[in-house]
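# Observations on the three-dimensional arrangement
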Amino acid sequence: QKEVEQNSGPLSVPEGAIASLNCTYSDRGSQSFFWYRQYSGKSPELIMFIYSNGDKEDGRFTAQLNKASQYVSLLIRDSQPSDSATYLCAVKGGATNKLIFGTGTLLAVQP
Amino acid sequence: IAGITQAPTSQILAAGRRMTLRCTQDMRHNAMYWYRQDLGLGLRLIHYSNTAGTTGKGEVPDGYSVSRANTDDFPLTLASAVPSQTSVYFCATKIGIQTTSGNTIYFGEGSWLTVV
C-alpha cells in the first residue's frame, strides 16, 4: 500500500461544477496535510494546508480532513478551465515526520 | 516562485558525465530539498538539509550528492550520470520554524535533465 494514494484521473468536470479530489494516507500519526497544484511543465504551488479535522475554506477551495478515516479531500467550487492541472496531495508527520507526496490527480475542466 | 533559482533549466547530458544542478534561494529559509519527479512515481525526495552545514538522505539518494556550505545554496551533483536519472528535478525550501505556515514547502521552477 502506498503511503499517500490518489486516483490518477483524469477527472473531467464541466465548467461551473464542483470538482472533488480525494487522497488517502496510511500513517495514522500524520499531522499536516497539503494540497499543491501543478500545471503541465511547471512546478507545484501550494493551494492549501490543513491540520485539524473538519473543513478549511479559502475562496473557491475547501480542504476537508477526516483523520479517523485517514482521508483528505479538496473541493473546487465553480470550476474554471484555468483550474485544469494536476493536484498533488502531501502528508507530513507520523512515524517518519517526512513530507510524502501522492502521485497526483489530473483535473480537466471542460468549457 | 520568486526567491528560488534553479540552473540549468534544461540539459541533455551524456551518460557517465558529472553534472551539478544549482539551487539558490534569497528567502533565508532554513531547510532546503531536492526532489525528482517521474511519471507515475510522483515527487520523491533525494536529499535534504535542515540548516546550513547539515545534509541528509531522502528516499532515493543513490547516485546523488549535495552540500550546504551556506544558507542560500544547495547544489545537487550527479557524479556519473545514468539514463535512469533522466527526470525533472525540483529544488524546494521551507522556513523550518514550528508554526502553522512554517511547514510549507516552496518549489523552484525545475531543471529538466535528459541523460543519453
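I will try to describe carefully the structure that is included in this document. (Residues numbered from 1 in each chain as written. Chains lettered and ligands numbered in written order. Predicted model: local features only at pLDDT ≥ 70, side-chain atom pairs only at ≥ 80, totals over all residues. Heavy atoms only, no water.)

## Here's the deal with the overall build of chain B
The line we're drawing: Elements are defined by DSSP. Helices are runs of H or I of four residues or more, strands are runs of E of two residues or more, and each kind is numbered from the N terminus. Taken over C-alpha atoms, the radius of gyration is set against a globule rule of 2.2 Å times the number of residues to the power 0.38. Summary of the burial criterion: residues with accessible area below 20% of their type's maximum are buried, those above 50% are exposed, and those between are partly exposed, where the area comes from a 1.4 Å probe applied to protein chains only. We call two residues contacting when some pair of their heavy atoms lies within 4.5 Å.
Regarding its fold elements, chain B presents zero helices and 11 strands. Starting at the N terminus and ending at the C terminus, chain B contains elements arranged as β-β-β-β-β-β-β-β-β-β-β. A globule of 116 residues ought to have a C-alpha radius of gyration of about 13 Å, and chain B, at 14 Å, matches this closely. Taken along the three principal axes of its C-alpha coordinates, chain B extends 45 × 30 × 25 Å. A buried classification covers 48% of the 116 residues belonging to chain B. A sequence separation of at least 24 residues applies to 54% of the contacts in chain B between residues at least 6 apart.

## Description of unusual backbone geometry
The linkage connecting A:Gly9 with the following residue, A:Pro10, adopts the cis geometry, with an omega of 10°. When you line up the elements, A:Pro10 lands in the loop between β1 (4-5) and β2 (11-14). Along the chain, B:Ala7 connects to B:Pro8 via a cis peptide bond; the corresponding omega equals -5°. Inspection of the secondary structure puts B:Pro8 in the loop between β1 (4-7) and β2 (10-13). A positive phi is found at A:Asp78, a non-glycine position, where the angle reads about 45°. Looking at the element boundaries, A:Asp78 is found in the loop between β8 (71-76) and β9 (85-93). The backbone of B:Arg28 shows a phi angle near 60°, a positive value even though the residue is not glycine. Here B:Arg28 shows up in the loop between β3 (19-25) and β4 (31-38). Classification of B:Arg28 as exposed rests on a relative accessible area of 56%.

## Some details on the layout of surface pockets
Here is the rule we go by: For each structure, a 1 Å grid was placed over the protein atoms alone; sets of points admitting a 1.4 Å probe that cannot get out are labelled cavities, open sets with protein on both sides within 12 Å along at least five of seven lines are labelled pockets, and lining residues have an atom within 4 Å of a point. Grid points are joined across faces, edges and corners, and a volume is the space filled by probe spheres set on the points. The classification used treats Ala, Val, Leu, Ile, Met, Phe, Trp, Tyr, Cys and Pro as nonpolar, Asp, Glu, Lys and Arg as charged, and all other residues, Gly among them, as polar.
The volume enclosed by the largest pocket comes to roughly 530 Å³. The wall of the largest pocket is formed by 21 residues, among which A:Gln38, A:Thr86, A:Thr103, B:Gln37 and B:Leu39 lie closest to the centre. When contributions to the lining of the largest pocket are tallied by element, the ones reaching two or more residues are β9 of chain A together with β4 and β9 (87-94) of chain B. Sorting elements by how many residues they give to the lining of the largest pocket places β9(A) first, with three residues. Here the residues of the lining of the largest pocket are counted per class, giving nine nonpolar, 10 polar and two charged.

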